[in-house]
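# Observations on the model geometry
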Amino acid sequence: AQSVTQPDIHITVSEGASLELRCNYSYGATPYLFWYVQSPGQGLQLLLKYFSGDTLVQGIKGFEAEFKRSQSSFNLRKPSVHWSDAAEYFCAVVGRGSGNTGILIFGQGTTLQVKP
Amino acid sequence: EPEVTQTPSHQVTQMGQEVILRCVPISNHLYFYWYRQILGQKVEFLVSFYNNEISEKSEIFDDQFSVERPDGSNFTLKIRSTKLEDSAMYFCASSAGGLFYGYTFGSGTRLTVV
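Here we summarise the structure given alongside this text. Here the structure is a predicted model, which means the values were calculated and not measured. (Residues numbered from 1 in each chain as written. Chains lettered and ligands numbered in written order. Predicted model: local features only at pLDDT ≥ 70, side-chain atom pairs only at ≥ 80, totals over all residues. Heavy atoms only, no water.)

### Notes on the packing of aromatic side chains
- Throughout the structure, instances matching the rule amount to 22 aromatic pairs over all chains.
- Residues Phe106 of chain A and Tyr35 of chain B carry aromatic rings whose centres are separated by 5.7 Å and whose planes lie at 90° to one another, so their mutual orientation is edge-to-face. Of the two residues, Phe106 of chain A sits in strand E11 (residues 104–106) while Tyr35 of chain B sits in strand E4 (residues 31–37), which places them in two different chains.
- Under the relative-accessibility criterion, Phe106 of chain A is labelled buried at 1%.
- Exposure remark for Tyr35 of chain B: the relative accessible area of 1% places this residue in the buried category.
- For the ring pair Phe106 of chain A and Phe105 of chain B, a centre distance of 6.3 Å and an interplane angle of 75° mean the geometry is edge-to-face. Note that Phe106 of chain A is positioned in strand E11 and Phe105 of chain B in strand E10 (residues 104–105), a pairing that runs across two chains. (Phe/Tyr/Trp six-rings, centres within 6.5 Å; stacked < 30°, edge-to-face > 60°. Helix = DSSP H or I, 4+ residues; strand = E, 2+ residues; numbered from the N terminus. Buried < 20%, exposed > 50% of the residue type's maximum accessible area, 1.4 Å probe, protein only.)

Structure follows, in structure tokens:
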């Protein structure tokens, strides 16, 4: 069965430092991958997605992610974190067989804390 | 930017009571979804709705659950007889055309069953 693992439940970084959030997936074919962010009191906002093509994907708010098939990973990165990036981050894969409906299978989420 | 609106933001109900969670999707969207997140666990798919009928549902979505789009603008999730384990954050989402069009999520309704 498809699954997504985010190994880090909680990460703390200093403002201005670089960030990498890890995501590993289990999927039999080429996956469709997403990163979402949830700020307190807000809905899940799409940061970026990968369907095919260039394995380095650019998203909103200065985030990028790299699809590495050999490692079954889709890690999220940002070169310099801002205090407003403090939030919960979710990696997700579209479940196989869900067709155009596109059912999302989420990871556990990583809570990012930013130190001043 | 268009939003998916969910009401209420927090609902407390007694075990065994019926609850209706309400969502107003983006007006020209065609696909509608409910997901939930039990505290400390993953966000899980419940149901998708397209063309006025359920298109997919998960094992969680048993006979206690139902969805409706009663008036062309609201999309509701009803839990007939709530259990303690139904306590969770429930997210509504909508999409203009499914997978490749992306999804817009609401900010969620926190349901607490006591």
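### Some points on the side chain of Thr82 of chain B
All names here are of chain B.
- As for its position among the elements, Thr82 is in the loop between strand E8 (75–79) and strand E9 (88–95).
- Separated by 3.2 Å, the side chain of Thr82 and the backbone oxygen of Gln14 make a polar contact.
- Not counting chain neighbours up to four residues away, the residues in contact with Thr82 comprise Thr13, Gln14, Met15, Gly16, Gln17, Val19 and Val113. (Polar contact = N/O pair within 3.5 Å; in protein donor to acceptor, adjacent residues only side chain to side chain. Contact = heavy atoms within 4.5 Å.)

### Examining the interface of chain A and chain B
- If you look at the interface, chain A gives 23 residues, while chain B gives 21 residues.
- Taken together, the two surfaces of chain A and chain B that pack against each other cover about 1,900 Å², and 58% of this comes from carbon and sulfur.
- Applying the counting rule to chain A against chain B returns 0 salt bridges.
- Counting the contacts that link chain A with chain B gives 4 residue pairs in polar contact (both at pLDDT 80 or more).
- Ranked by the residues each element gives to the side of chain A that touches chain B, the list is headed by strand E5 (residues 33–38) of chain A, at 3 residues.
- Considering only residue class, the side of chain A that touches chain B consists of 11 nonpolar, 12 polar and no charged. (Buried area = accessible area lost by both parts, 1.4 Å probe. Salt bridge = Lys/Arg side-chain N within 4 Å of Asp/Glu carboxyl O. Nonpolar A, V, L, I, M, F, W, Y, C, P; charged D, E, K, R; others polar.)

### What to know about the sheet that holds E8 of chain B
All names here are of chain B.
- The strand order E1-E3-E8-E7 describes an open sheet built from 4 strands, whose pairing is antiparallel. The open sheet terminates on both sides in strands that have one partner only, identified here as strand E1 (5–7) and strand E7 (65–68). Within this sheet the neighbouring strands show an average axis-to-axis angle of 20°, counted without direction.
- As paired strands, E1 and strand E3 (residues 19–24) are joined by 3 bridges and run antiparallel to one another. By the bridge assignment, Gln6 is partnered in E3 with Cys23. (Pairing = 2+ DSSP bridges. Axes fitted to C-alpha atoms, helices over the stretch in contact; angles between N-to-C directions.)

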